[in-house]
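Each chain is listed here by its residues.
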Amino acid sequence: MTRWVMVADLNRCVGCQTCTAACKHTNATLPQVQWRKVIDIEWGSYPDAHRLFMPVGCQHCADPPCMSVCPSTATGQREDGIVTIDYDLCIGCGYCMVACPYQARYKVTRPHFAYGDEPMPSEAVRFDEGRMGVAQKCTFCSDRVDEGLARGLTPGIDPEATPGCVNACIADALSFGDIEDENSNVSRLLEEKTWFQMHGELETETGFYYLWDGGKQEE
Amino acid sequence: MHAKTKPHGKKVSTYCYQCVNGPDLLTVEVIDGVATRIEPNFDLRGEHPADGKICVKPFGLIQKTYNPNRILHPMKRTNPKKGKDEDPGWVQISWDEALDLVAERLKKAREKGVLDENGNPRLAFTTGGAATPFKYMGSFPAFLVAWGPFDQSIGAGGTVKCYHSEHMFGELWHRAFTVLPDTPSCDYIISFGNNINASGGVTGVRRHADARARGMKRIQFEPHLSVTGATSSEWIPIRPQTDSAVLYAMLHVLMHETPLERLDVPFLRDYTSSPYLVGPNGFYLRDPESRKPLLWDLRSNRAVPYDTEGTEPALLGPFRVEEAIEVGPDEETWNHRNVEAPTALDKARALVSDKSPEWAEGISDVPAATIRRIANEFLEHARIGETVEIDGRVLPYRPVATVLGKSVNNGWGGYDCVWAHTMMQVLVGALEVPGGLLGSTVHLSGDTDWDRMLTVEPGEDGFMKHPFNPTSKEEWERHPVNRHAEQSITPMAGHNQGAQLFGATTLAWLRLQGRAGQNWPRPKPPDVWFVYKCNPAISFSETEKICEEMAQFPFIVAFAYQMDETVHFADVLLPEATDLESDQLLRIGGTHYFENHWVTEGWALRQAAVEPLGEAKDFSWIANQLARRLGMLEQYNSMINFGVCGVPLQGEEYDFSLAVDREHDQEEVWDAVCKAATFELTGGKEVLGLDWFREHGFKTRPFSRLHWYLFPLMQDMGLRFELPYQERYYRMGRELANRLHEEGIHWWDRQLEEYEPLPEWRDINRIYDEMIERDCGANPADFPFWALTARSMQYAWGANVSVQLMTELSENVFGHDGVVMNRGKAREMGIEDGDTIEVISPVASVTGTARLREGIRPDVVLMVAQFGQWKTPHARELKRPGINPLVPMNLDSLDAGGAMKDLTKVKIRRVGEAS
Amino acid sequence: MIRFGSTLQNYWDWRAAGNFIFGGTGSGLLILATLMSWPGPLEPAAGLPAVVLIGLGLFLVWLEIGRPWRFLHVFFHPQTSWMTREGSVAVLLLPLALLAIVFAQGWLLALTGVLAIAFLYCQARILQASKGIPAWREPAVVPLIVISGLTEGTALLFLISAVAGQPQSWTEPLLVILLAARGYAWVRYRAALTAAEAPAEALAALGRFNPLLLGGGNVLPLVLALAATALPTQQLPLMFSAALLALAGGWLSKFVIIRKAAHLQGYAVGRLRRGRPQIRPPVRRKPDRFVS
């Protein structure tokens, strides 16, 4: 069996948003839609202030709250754990958006583009009417994964089979791989380092792990 | 899911060089002739320091290409009146008309003589981005060079926005126009505001992330918790402009609280000027016959010339020297007998004898114990005595480095800081050896910026040869040619082709405004001013005055992308094909800029992935057209043949040169350049033309890691690093003072004081307070905050303010949309997050949104990147404030190198509530 | 634990709030109306407004969804989605209620009442299943929403009957009991949120509205209703005011919960762990039809 997961190393991430940009390019998302983004957070108080960057997006939960609430079955889950949205089924009720504890979902009702209502040629070529009025989110670039696998490539290793954000990460902070393979890149990272899952108490069992040394954490 | 995330169009290889950290090699997906998306060029894995990853900025190139606000047709101004509030009255014209207009002006200028009646060039050219725009200008530089003297002194931000003191002294001391830690092997970095995560590009980010994963510690001294501070082991909120105090205190710890044996004695003794003996007038004591500097030989117990074989030089003195001479400025010579002679290291020790950590604590707000601890950790991590083998050669291994950020390493106190941090390296032998502090590129000492080793030659006194601007009576430039007079007043700027970029650009503007240089005629604006990829109306200081001055320029030709603030003052707009629409071959790899240390070197092609939009034209075509119209084809083509496009087209074993008497389109030019470049790269084994590069993108060959380190070459050549003592600098300053005073020039006297053999500690806070009082007629106590800026990776260089994607991305990084203030301090002043505040400096004020944060000192406000656009489409709607209008521009703000800092003192006033 | 980025949700606006307001009142009213009308037919003066209110709520939701013409897809997921269940119940409930008005059949009336209860319960569970919003996912929201629906229904029933000139006196003690219960449910809900460390901004929003909601929406009408029993001469105006306040209080509380206290979970740094993670299999490993 295979379960695709992503690992973000917070010790490496510098908040540059290159993954955000690459995701927008890879998935042709409209302005202000960021399936992947990095948030810039601060805690503590001066002079003991700390700052951390955290890549966020769909966590591809094993038990995704978005999926159970979805009235149309548009949100689904693949054998390999990737949480999917069928844009043709979705009614755009937004229920998944309030159910998702990770603020991962977006809904765009009306097309808008970088410079107003008219698309630039580059936007027009890739505009997808099917995404209007429905929920959308990170897909773990499942089509890249699938096409890559079909060509005998290894997702997470071969760029052609790897999510766009991981390919683009300049700090080598993002990794993608099969957690059920004990020897995969992600399994090795999780064995070597300390990690956490976001909102573990909600028992969503995310497919997204954060590596962090927690050196500066003050609980 | 419908989204097609796999490129399904054609993939075209090209590069992004929007900042000095490039080039980032990438591929563009093109669907039906439309560029749609950018990806890294994964073929570069293993060669490039970041495995071919690309920075966030290239992702903006698609929008940059199709931005509806682009200028796509040549235009001319119809309203002769220029001003911020004047409508230029643009009308669209044909390329023929536009080129004729420009050619006519150039012809007239040429007929009158390339220099005007004041001796200044009639043609001026200004660009930004630390000259990276040259990587987009095709063969246009060949046109400029063919023209003859052209003025590049009318700066867009250079020497204000750059690491100026580091450039000057770094290159003098260790061929380090920019410095960097040998990050892949470094274990301990002390950073004074060096914002590597924002300004180090892909390679900086990746190498530091790898080093952190390896356990490298980085101590970050900076007034606000930057994106780099965020990933550092410690953040130490130092008071602005007190870095030199902490550095001097660390030197104090190493030189006065540490036994000499714990330092790298062999390095100090054999590879630095530490043992050189210094005479009573501050110059080296020299052998009366050979005139070589003396050192004290412990074996023979006497002073001998520094290069005497079989000696054991003493590091600490003083000693009594029987007979010696000193050579001062203008060959002034003193004869000494039985003179007391401290060593250069003695002098350096004396400089910091009273600069204890306790002294620095009061100045910098950094606890003495912290300073002492870090200095000792630095020493412990230096592993003095250990070695490592690199490509078959055993070298010292010293995995420690100190680095400086902008406005620490330029302007007043820049000398103090770069000297002190380089001395930290010198004391532990961590200069130009694996793990230590390295240089990455050269500009002043030569143009082989991909391999700085090629510029090293033995010079006087056992040091490297260095091209200063002459200060002798015979050779000094009495009548300045360029408007900033770099050859006349900034000898450190270097004496070669590119040197004028390192002169005092502020002075050029001040002289044009009649605010400085009274002994010389007030320069006239250039007859023709070319501006490209820069926006001085936004990026310089006191921008209101810059705009007023630009309005006086008679003829401005803008290679214009959009209607920005500088274009607003132009006369003719020439839309050039942008990044994804034009061709250029570029040298890649080797070592260059910051953290670009490669294991290969070679060439890469930037190519037109798509047809130029509208009537935009490739820069090479424009160059051709102008050369033809001016009857300069022969000179222009000759310059291409000579090598202005990156490589000579004719060598001993090859000849790809162009016929000089006719026009060549860009395809012909770059085909020839590609062939010459690959011939050179492969030693003649392969000759690959433009078509090959269009398909494959780049060609490389291995580059030895030994070329990362200067030390082995110094060892082979028997040279010493010119540290700690700056005798040449001191002499040069004294000579310059003589020259200027002979001319009755005294307005540069304050700057002349900086020419010290060792930098006496300067209180920058006091210097700025005095400046406010003296030059702005204001009370310094009224300006309790330091206003600082910080580089943003999304915006650094690149001119991406009008790219919506960058706006969107930058909103994820705190502080881009306003003025960052300390939360506690703001609340004390009744300011809440989102309130509108006015930031008032002694010369101007700007308003912006208050953004409250814990990670900033209470006496500091921060404005990220360079905003304040009032004309640039998209950007002007963002209403983001910028620091530039606030920064006072005056002679007193310039250091001896002609550079000024990118900061100012301000006061804050709340003017509106959060919406 | 380090938490941040908890902003107010903007996915469901006033239209969604309208569904909880009108649907809650409508279903509450219908429950009461079926009781009142036993054994049938359903009293149209109460039954019709109830049907209209529920329908209005659903209409508002229809206005909010991104793909209104795909509304039939809402019925595709009864296995786990409380929204499908709410929709399905409504589809049965509305015609049944109309039939119950026409035909005096006890079973029809009973079924209508049961479905109305189910509808109200679905609404409460819709909120509770919204894991992304701490103020909604709190289990104590369920009794609060259900009791509030019943309270609003009772209040509205009294108002309708009073306007019609036949005030239903049995609603008075019921309203007193329901108001007391709702007040208790509200206090319990807030306490549970505090205990669950809901986002501070959400707690603050609830706190801001607490005097109005607990005092004006529960205590005051409770006092007025009690006073009505004690002062027969002033019974009608006192009871009228009590019912109006009880209704308004219910509506406002739902508006506050949906629009003012609906802060998102935000992001957090979790508890650090070491070693290979225990992997739970995805809950549904259904072959994806887009993978061939």
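Residues numbered from 1 in each chain as written. Chains lettered and ligands numbered in written order. Predicted model: local features only at pLDDT ≥ 70, side-chain atom pairs only at ≥ 80, totals over all residues.

Time to look at the overall build of chain A. When helices and strands are tallied, chain A shows seven helices and ten strands. In terms of overall size, chain A behaves like a compact globule, its C-alpha atoms giving a radius of gyration of 18 Å where 219 residues would be expected to give roughly 17 Å. In terms of its C-alpha atoms, chain A occupies a principal-axis envelope of roughly 45 × 45 × 35 Å. Taking the intrachain contacts of chain A between residues at least 6 apart in sequence as the baseline, contacts between residues at least 24 apart amount to 57%. (Helix = DSSP H or I, 4+ residues; strand = E, 2+ residues; numbered from the N terminus. Rg over C-alpha atoms; globule rule 2.2 N^0.38 Å. Contact = placed C-beta atoms within 7 Å.)

The number of helices and strands found in chain C is nine helices and two strands. Counted from the first residue to the last, chain C has its helices and strands arranged as β-α-α-α-α-α-α-α-α-α-β.

Turning to the interface of chain C and chain A, a few remarks are in order. Across the contact, 51 residues belong to chain C and 58 residues belong to chain A. Elements supplying a minimum of two residues to the side of chain C that touches chain A: β1 (2-4), α3 (82-102) and β2 (267-269) of chain C. Looking at which element gives the most residues to the side of chain C that touches chain A, the answer is α3(C), with four residues. Residue composition of the side of chain C that touches chain A, grouped by class: 25 nonpolar, 14 polar and twelve charged. (Nonpolar A, V, L, I, M, F, W, Y, C, P; charged D, E, K, R; others polar.)

Our focus in this paragraph is the nonpolar core. Membership of the largest hydrophobic core comes to 459 residues, with the highest contact counts inside it found for B:Met250, B:Leu277, B:Val557, B:Val673, B:Ala787, B:Val861 and C:Leu175. Excluding anything up to four places from it in sequence, B:Leu277 contacts B:Tyr284, B:Leu285, B:Leu294, B:Leu295, B:Trp296, B:Ala303, B:Phe319, B:Val321, B:Ala341 and B:Thr343. (Core = buried A, V, L, I, M, F, W, Y, C linked by C-beta atoms within 7 Å. Buried ≥ 20, exposed ≤ 12 C-beta atoms within 10 Å, placed from the backbone.)

This part is about the sheet that holds strand β3 (residues 34-40) of chain B. Residues and elements named next belong to chain B. Read from one edge of the open sheet, three strands run β1-β2-β3, paired in antiparallel fashion. What marks the edges here is a single partner per strand, and that holds for β1 (10-16) and β3. Across this sheet, the average inter-strand angle for adjacent strands is 35°, counted without regard to direction. When β1 meets strand β2 (residues 24-31), the two strands line up antiparallel, connected through seven bridges. Residue pairing in the sheet places Thr14 in a bridge with Leu26 of β2. (Pairing = 2+ DSSP bridges. Axes fitted to C-alpha atoms, helices over the stretch in contact; angles between N-to-C directions.)

A separate point is the packing of helix α8 (residues 200-230) of chain C against helix α9 (residues 235-260) of chain C. Residue and element names in this part refer to chain C. Following both chains from N to C, one finds α8 and α9 inclined at 160°, their axes separated by 8 Å at the closest point. One finds that α8 runs roughly antiparallel with respect to α9. In this structure, α8 crosses over α9, and the sense of that crossing is left-handed. Class assignment of the residues belonging to the contact of α8 with α9 gives a composition of 19 nonpolar, eight polar and one charged. (Parallel < 35°, antiparallel > 145°, perpendicular 65-115°, else oblique. Left-handed = near helix turned anticlockwise from the far one by under 90°.)

Attention now moves to helix α12 (residues 368-381) of chain B. The first and last C-alpha atoms of α12(B) sit 20 Å apart over 14 residues, in line with the 20 Å expected at 1.5 Å per residue. Buried-residue contacts for α12(B) involve β8 (188-192), β9 (217-221), α8 (243-256), α11 (357-364), β18 (400-404) and α13 (414-427) of chain B. (Expected span 1.5 Å × (residues − 1).)

All names here are of chain C. Once the domains are mapped, chain C shows domain 1 (11-129) and domain 2 (137-269). Centre-to-centre separation of domain 1 and domain 2, based on C-alpha positions: 20 Å. The partner domain 2 presents 24 residues to the 25 residues of domain 1 that form the contact. Those elements giving two or more residues to the side of domain 1 that touches domain 2 turn out to be α1 (14-37), α2 (44-64) and α4 (106-128). (Domains from an automatic or database assignment.)

Residue and element names in this part refer to chain C. The share of residues in chain C with pLDDT of 70 or more is 97%, and the mean pLDDT across the chain is 94. Considering only residues more than four positions removed or in separate chains, one finds that residues 285-292, a stretch of pLDDT under 50, has ten contacts. In the model output, the complex is listed with pTM 0.96 alongside ipTM 0.97. (pLDDT = per-residue confidence, 0-100.)

Residue and element names in this part refer to chain B. Spatially, β11-β14-β15 is the arrangement adopted by the three strands of the open sheet, whose pairing is antiparallel. The open sheet has two edge strands, β11 (285-286) and β15 (333-341), and neither has a second partner. Bridge count for strand β14 (residues 319-327) against β15 is eight bridges, and the pairing is antiparallel. In the sheet register, Glu326 faces β15, and the bridge partner there is Trp334.

Residues and elements named next belong to chain C. Where helix α6 (residues 141-163) contacts helix α7 (residues 171-195), the axes come no closer than 9 Å and their chain directions differ by 155°. The angle between α6 and α7 places the two elements in the roughly antiparallel class. Seen along the crossing, α6 lies across α7 with a hand that is left-handed. Where α6 abuts α7, its residues Val141, Pro143, Leu144, Ile147, Ser148, Leu150, Thr151, Thr154, Ala155, Leu157 and Phe158 lie against Thr171, Leu174, Leu175, Leu178, Leu179, Ala181, Arg182, Ala185, Trp186 and Tyr189.

Here we take up the environment of B:Phe785. All names here are of chain B. Mapping Phe785 onto the fold places it in strand β26 (residues 785-790). For the pair Phe785 and Tyr532, spaced 253 residues apart in sequence, the C-alpha to C-alpha distance is 35 Å. If sequence neighbours within four positions are ignored, Phe785 has contacts with Asp859, Val860, Val861, Lys905, Val906, Lys907 and Ile908.

This part covers helix α17 (residues 543-550) of chain B. All names here are of chain B. Among the residues of α17, those classed as buried are Thr543, Ile546, Cys547, Glu549 and Met550. The arc enclosing the buried residues of α17, seen along the axis, measures out at 165°, which places them on a common side. Where the residues of α17 are buried, they touch α15 (505-512) and α16 (536-539). (Arc of directions from axis to C-beta.)

This paragraph deals with the pairing of strand β13 (residues 302-305) of chain B. Residues and elements named next belong to chain B. Of the pairings in the sheet, the one linking strand β12 (residues 294-297) to β13 comprises four bridges and is antiparallel in character. Bridge pairing in β13 links Asp297 to Arg302. The loop that links β12 with its antiparallel partner β13 comprises four residues; one of these, Asn301, has a positive phi angle of about 55°.

It is worth spelling out the pairing of strand β17 (residues 393-396) of chain B at this point. All names here are of chain B. Note: strand β16 (residues 387-390) against β17, four bridges, orientation antiparallel. When the sheet's bridge partners are listed, Glu389 is paired in β17 with Val394. Between β16 and the antiparallel strand that follows it, β17, lie two residues; Asp391 among them carries a positive phi value of about 45°.

What follows concerns the environment of B:Leu690. Residue and element names in this part refer to chain B. Secondary-structure assignment places Leu690 in helix α21 (residues 690-696). Taking the number of C-beta atoms within 10 Å as the measure of exposure, Leu690 has 21 and is therefore buried. Sequence separation between Leu690 and Lys84 is 606 residues; the distance between their C-alpha atoms is 45 Å. Residue contacts for Leu690: discarding those within four places in its chain leaves Glu667, Trp670, Asp671 and Cys674.

Turning our eyes to something else, we now look at unusual backbone geometry. A cis amide bond, omega 0°, links A:Tyr46 with the succeeding residue A:Pro47. Put simply, B:Gly22 and B:Pro23 share a cis peptide bond, and its omega is 0°. Counting through the fold element by element, B:Pro23 comes out in the loop between β1 and β2. In this structure, A:Gln32 is a non-glycine residue whose phi angle is positive, near 70°. Tracing the backbone shows A:Gln32 in the loop between α1 (18-27) and β2 (36-43).

Residues and elements named next belong to chain B. On the secondary structure map, Thr402 appears in strand β18. On a C-alpha basis, the gap between Thr402 and Leu437 in space is 7.2 Å, while along the polypeptide they are 35 residues apart. Here Thr402 is in contact with Ile190, His421, Met424, Gln425 and Leu437, once residues within four sequence places are set aside.

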